[in-house]
Amino acid sequence: MNDRKGFFVRRSRAVVSFAVGIILTCAGSAWAADCTIKQPEPGLDAPAESQWGGATVAADDRQKIDDLFSRYAWALDQRDADRFENLFTGAGSYEVCTGEGNIQIYIAPKAVIKMTLQQQFDETKDVFQPRHVVINTLLRSRKDHGKTFLDSKSTMAVTVQRAEGDRVLPEPDYTADVRATLDKDKDTGVWRFATVTVYADTPEFEPMGR
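The shown structure was predicted, so the numbers you read here are calculated from the model rather than taken from an experiment.

Cut-offs applied
- Residues numbered from 1 in each chain as written.
- Predicted model: local features only at pLDDT ≥ 70, side-chain atom pairs only at ≥ 80, totals over all residues.
- Heavy atoms only, no water.
- Core = buried A, V, L, I, M, F, W, Y, C linked by side-chain atoms within 4.5 Å.
- Buried < 20%, exposed > 50% of the residue type's maximum accessible area, 1.4 Å probe, protein only.
- Helix = DSSP H or I, 4+ residues; strand = E, 2+ residues; numbered from the N terminus.
- Contact = heavy atoms within 4.5 Å.
- Salt bridge = Lys/Arg side-chain N within 4 Å of Asp/Glu carboxyl O.
- Disulfide = S-S within 2.5 Å.
- Lys, Arg positive; Asp, Glu negative; His and termini not counted.
- Pairing = 2+ DSSP bridges.
- Axes fitted to C-alpha atoms, helices over the stretch in contact; angles between N-to-C directions.

### What about the nonpolar core?
Grouped burial of nonpolar side chains is what soluble globular proteins tend to show. One finds Tyr72, Phe84, Tyr94, Leu182, Phe193, Val196 and Val198 to be the most contacted residues of the largest nonpolar core, which totals 33 residues. Residue assignment for this core shows that the elements contributing at least two residues are helix H2 (59-77), helix H3 (81-85), strand E1 (88-97), strand E2 (103-107), helix H4 (110-124), strand E4 (147-162), strand E5 (171-184) and strand E6 (191-200). It is H2 that provides the largest number of residues to this core, a total of six residues. Aside from chain neighbours lying at most four places away, what touches Leu182 is Ile65, Leu68, Phe69, Leu139, Phe149, Leu150, Ser152, Trp191, Arg192 and Phe193.

Put into structure tokens, the structure is as follows:
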């Protein structure tokens, strides 16, 4: 296990350096020292729609949202940067944080998401096969500037199966609290991520791209 973590610690430093250059070029001051604060927990006296799990969502929309999270997991498992990028709105952003609360990478706009993930996918495709499981998704309704959004929180567990070595079975990699804001295109009815923030439980290395 230590040799695997050592590999990712070294890779993480290189990826962060690579990403900072991209972000400063494409997204101005997107880099920050601390992670975005998690969506606050509503008080017990808050309206039902604003409580986690309290959003009223049509069955068809709920299915589309469930499929959105499944596509998110499969895009990472299959290292498909094009499909991953397409899960986000035009102004969408993707943020990954460690358990210590520091940003490892913050990416916007979509083109930078694709560019950075593709670079990481290429680095790891012959090293391991990841499997992402996103479960326990709760939704709540939120209005911002007169528009209604859905916030979500989910649990994510990730395993990896090494391509070489004496450990050929899948093994735990990391778990995370995934927070997102979901936006529905009024013309097409397609749901996409306006934001995704992954709060990985491990403080030791950066799980972007896996």
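Moving on from the model shown.
### Let's talk about the pattern of salt bridges
Under the criterion given, the structure shown has eleven salt bridges. Arg62 is paired through a salt bridge with Asp66; the nearest N and O atoms lie 3.2 Å apart. Here Arg62 and its partner Asp66 are both found in helix H2, four residues apart, which amounts to about one turn of the helix. Overall, the relative accessible area of 27% leaves Arg62 in the partly exposed class. For Asp66, a relative accessible area of 32% corresponds to the partly exposed category. For Arg83, the salt bridge identified is with Asp80, shortest N-O distance 3.1 Å.

### Quick look at the state of the cysteines
What the rule picks out here adds up to one disulfide. Across the disulfide, Cys35 is cross-linked to Cys97 (sulfur-sulfur distance 1.9 Å). Disulfide Cys35 to Cys97: torsion about the S-S bond roughly -130°, handedness left-handed. With Cys35 in the loop between helix H1 (2-26) and H2 and Cys97 in strand E1, this residue pair connects regions lying 62 residues apart in the sequence. Overall, the relative accessible area of 14% leaves Cys35 in the buried class. Residue Cys97 is classed as buried on the basis of its relative accessible area of 0%.

### So, the side chain of Asp77
Here Asp77 shows up in helix H2. Among buried charged residues, Asp77 stands out as having no salt bridge; its nearest opposite-charge side chain is Arg131, 4.0 Å away. Every residue in contact with Asp77, bar those within four places of it in the chain, is listed here: Gln129, Pro130, Arg131 and His132.

### Details of the sheet that holds E4
With mixed pairing, the six strands of this open sheet are ordered in space as E2-E1-E6-E5-E4-E3. Looking along the sheet, the strands with just one partner apiece sit at the ends: E2 and strand E3 (128-144). Averaged over all pairs of adjacent strands, the angle between their axes in this sheet comes to 15°, without regard to strand direction. Where H2 meets the sheet, its contacts fall on E1, E3, E4, E5 and E6, and the angle it forms with E3 comes to roughly 145°. Lying over the sheet, H4 contacts E1, E2 and E3, oriented at roughly 45° with respect to E1.

### Remarks on the pairing of E1
Both faces of the sheet carry side chains from a regular strand, because those side chains alternate between them. Taken across its ten residues, E1 has eight buried, putting it largely inside the fold. Across six bridges, E1 lies against E6 in parallel orientation. When the sheet's bridge partners are listed, Glu95 is paired in E6 with Thr197. Relative to E2, E1 runs antiparallel, the two being bridged by four bridges. The partner of Val96 across the bridge, within E2, is Ile105. Hairpin connection from E1 to E2: five residues lie between these consecutive antiparallel strands, with Gly101 at a positive phi of about 85°.

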